[in-house]
Amino acid sequence: MTGTAREATGVSAWALGLLVLLPIPLLGPLAAGGAMVAAYGSLSRQGPLAKANAAAARRWGVVFLIVTTGLLVLQLVLGLIRLSQPSAAASGFFPQGLPITIYAVVCLVHLVVVIVATVRARRGERVRLPFLRSES
């Protein structure tokens, strides 16, 4: 029984983005972004389609990692500032909770992008992200 070998598509680089669903708070997004970036090395040697899709996943992973880490640091700084001023009246969740709210929205957008890109890569299509400049 001989079958034809399928061309490598780089789908695993995108599928690693699903690590965002890890049930450990704040670790999932860091693991997802890092894994998407790290996957490029091995996938770039598996053919032109795999390299293109892995490069797109790497770009998205870097952007996601930078944005989520920045939002978490900002939330931490705002929390520390609020704790250091006990005389300040509690003003509710917003505006101090804005970074963590944006963080949740970014993680949701990441999940949608990863699912769509994984499906496209699985079909053998080249994944292009309209909001990130591609390397050509």
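Residues numbered from 1 in each chain as written. Predicted model: local features only at pLDDT ≥ 70, side-chain atom pairs only at ≥ 80, totals over all residues. Heavy atoms only, no water.

**Q** What's the story with the overall build of the protein chain in this structure? I'm lost.
**A** Secondary structure assignment for the protein chain yields 5 helices and 0 strands. Looking at the protein chain as a whole, 32% of its 136 residues are labelled buried. For the protein chain, long-range pairs separated by at least 24 residues make up 69% of all intrachain contacts whose partners lie at least 6 apart in sequence. For the protein chain, the computed accessible surface area is about 8,300 Å², with 70% contributed by carbon and sulfur atoms. (Helix = DSSP H or I, 4+ residues; strand = E, 2+ residues; numbered from the N terminus. Buried < 20%, exposed > 50% of the residue type's maximum accessible area, 1.4 Å probe, protein only. Contact = heavy atoms within 4.5 Å. Areas by Shrake-Rupley, 256 points an atom, 1.4 Å probe, with all protein chains shown as cover.)

**Q** Please explain the environment of Leu129 as it appears in this structure.
**A** Note that Leu129 resides in the segment after helix H5 (98–122). Considering only alpha carbons, one finds Leu129 and Ala56, 73 residues apart in sequence, at a separation of 7.3 Å. With residues near it in sequence (within four places) discarded, Leu129 still touches Trp14, Ala56, Trp60 and Val113.

**Q** Mind showing me how you'd approach the packing of aromatic side chains here?
**A** How two aromatic rings sit relative to each other is set out by the distance from centre to centre and by the angle between their planes. Inspection of every chain in the model, using the stated rule, returns 0 aromatic pairs. The ring of Tyr40 is capped by Arg58, whose NZ or CZ atom sits 3.9 Å from the centre of that ring. (Phe/Tyr/Trp six-rings, centres within 6.5 Å; stacked < 30°, edge-to-face > 60°. Lys NZ or Arg CZ within 6 Å of the ring centre and 35° of its normal.)

**Q** Explain the nonpolar core to me, please; I cannot follow it from the model alone.
**A** Soluble, globular proteins show a tendency: their nonpolar side chains are buried together. By size, the foremost hydrophobic cluster in this structure holds 26 residues, and its most contacted members are Trp14, Trp60 and Phe64. Taken together, the elements giving at least two residues each to this core come down to helix H1 (11–15), helix H2 (27–38), helix H3 (40–43), helix H4 (48–84) and H5. Among all residues touching Trp14, those that are not within four sequence positions of it are Met36, Asn53, Ala56, Ala57, Trp60, Val113, Val114, Ala117, Thr118, Ala121, Val127 and Leu129. (Core = buried A, V, L, I, M, F, W, Y, C linked by side-chain atoms within 4.5 Å.)

**Q** Please explain the side chain of Asn53 as it appears in this structure.
**A** Its place among the elements puts Asn53 in helix H4. Accessibility expressed as a relative area gives 0% for Asn53, which makes it buried. When near neighbours in sequence (up to four residues on either side) are disregarded, Asn53 contacts Thr9, Gly10, Trp14, Ala121, Glu125, Arg126 and Val127.

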